[in-house]
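So the chains spell out like this:
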Amino acid sequence: MAVPIMAFSSAPYSLSPLRSTFLYPTLSLSHSFTSPPIFSSSQSSPKSSFDTKIRCVSKEQAPPTPGFDPKAGIAVYKPKSYEVLVTDAAKSLAFALEDGKIRLEIDFPPLPSNISSYKGSSDDFIDANVQFALAVVRKLQERKETRACIVFPDKPEKRRASELFKTALDSIDGISIGSLDDIPGGAVTSFFRSIRNTLDFDFDDENEGRWSPNEPPTLYIFINCSTRDLASIEKYVENFAMSTPTLLFNLELETLRADLGLLGFPPKDLHYRFLSQFTPVFYIRIREYSKTVAIAPYIVNYNGALFRQYPGPWQVMLKQADGSFACVAESSTRFTLGETKEELLRVLGLQEEQGSSLEFLRRGYKSATWWEEDVELEASSDWRS
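So, here is what we can say about the structure in this document. Quantities reported herein were computed from a predicted structural model and do not represent experimental measurements.

1. Structural notes on helix H3 (residues 155-164)
Okay, step 1: Buried within H3 are the following residues: Pro156, Lys158, Arg159, Ala161 and Ser162.
Okay, step 2: Here H3 starts with a cap whose side-chain oxygen sits 2.9 Å from the backbone nitrogen of Glu157, and that cap is Asp154.

Now the structure itself:
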């Protein structure tokens, strides 16, 4: 298969830092992993079972186009910095808002992938998400008038962000901040909130009301929320943003959905009736895999990504030796996690013979998650589109 060589990315530009000590780092979506070269064994690669997916074509095969078509897939994606990544996310968000979408999702690694969410400090991820959310708002305002409201999980988180990012917030026109505690609650809820705020040992907030909206926001952005907060996000939207665009920013919904239905967490129905309405407009989900083979090197480590840049298609991307991600498959609908892995195996020539016992032992009885399978229970299929 010819490896595509053309790349599309935003042109570099200068952007003043959101904090005096913050500069965009050099981007490394997959810092320490290198995919092996594509090889073939003595057995021919079996036909992929996902024939409905559109295969990416090489530069030589692609028809000439007069200019960049945002609806076309990207052959190679290699952003030079987080600055470029933020710009691409803002463009995708602008396209979706112009198309009338009001339930939106952006998800990309807020830190280089060698600093995983298990190794890195939670404060690093929280602060990075705040900075990137503010940067996306800035870039979106360059394209259209926007009054954004950043919604935090609770008042202590809002207070902390207002202290750390005071200068950045003051520099953005029409910005406001809120929290899920703004949802009207009963006597019991108010009682527990007062206890939590008291135990926070920070009774005075000098910035209280500093970034209250003078006009109704045109975009609500929810950041740094956990699985338990998802039900509160639904209530917040019902109270304040039924017809206003709402954006779930770097919540890692694919991870949060896995907790739904477990003891102490919201039920699975929350995905069916609410989360299924959110269209991913900019999405990068990096996955790492390994596979044993009968010939040297015996263990093949490879990684790839599920990628989407609205209004373009969903794409499976394979990590190359130079750090770029090359498209190996496209689809108008979202790839499941199992399909993503199968497409990577196909292009690497590592798929077992279709219907063989080896294929069954590797894939198992189920190759999709419950939220990927239960199509008939969803109130909307927007999250797949």
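Next, the rest of the story.
2. As for the pairing of strand E2 (residues 103-107)
Okay, step 1: Counting buried positions over the 5 residues of E2 gives 5, a clear majority of the element.
Okay, step 2: Here E2 shows no split at all, with Arg103, Glu105 and Asp107 on one side and Leu104 and Ile106 on the other all buried.
Okay, step 3: Pairing between E2 and strand E6 (residues 246-249): 4 bridges, direction parallel. When the sheet's bridge partners are listed, Arg103 is paired in E6 with Thr246.
Okay, step 4: Inspection of the sheet shows E2 paired to strand E7 (residues 279-292) by 4 bridges, in the parallel sense. Bridged to Leu104 within E7 is Thr279.

3. A short note on the sheet that holds strand E5 (residues 219-223)
Okay, step 1: Read from one edge to the other, the open sheet built from 10 strands follows the order E1-E10-E9-E8-E7-E2-E6-E5-E3-E4, with strand pairing classed as mixed. The strands lining the two open edges of the sheet, one partner per strand, are strand E1 (76-77) and strand E4 (176-179).
Okay, step 2: Sheet topology places strand E9 (residues 314-319) next to strand E10 (residues 325-331); 6 bridges connect them, and they run antiparallel. Each residue of the ladder has a partner; that of Leu318, found in E10, is Ala326.
Okay, step 3: Each of strand E3 (148-152) and E4 is contacted by H3, which is oriented at about 155 degrees to E4, the strand it contacts most.
Okay, step 4: Lying over the sheet, helix H6 (residues 230-240) contacts E2, E3, E4, E5 and E6, oriented at roughly 165 degrees with respect to E5.

Analysis parameters
- Residues numbered from 1 in each chain as written.
- Predicted model: local features only at pLDDT ≥ 70, side-chain atom pairs only at ≥ 80, totals over all residues.
- Heavy atoms only, no water.
- Buried < 20%, exposed > 50% of the residue type's maximum accessible area, 1.4 Å probe, protein only.
- Helix = DSSP H or I, 4+ residues; strand = E, 2+ residues; numbered from the N terminus.
- Polar contact = N/O pair within 3.5 Å; in protein donor to acceptor, adjacent residues only side chain to side chain.
- Pairing = 2+ DSSP bridges.
- Contact = heavy atoms within 4.5 Å.
- Axes fitted to C-alpha atoms, helices over the stretch in contact; angles between N-to-C directions.

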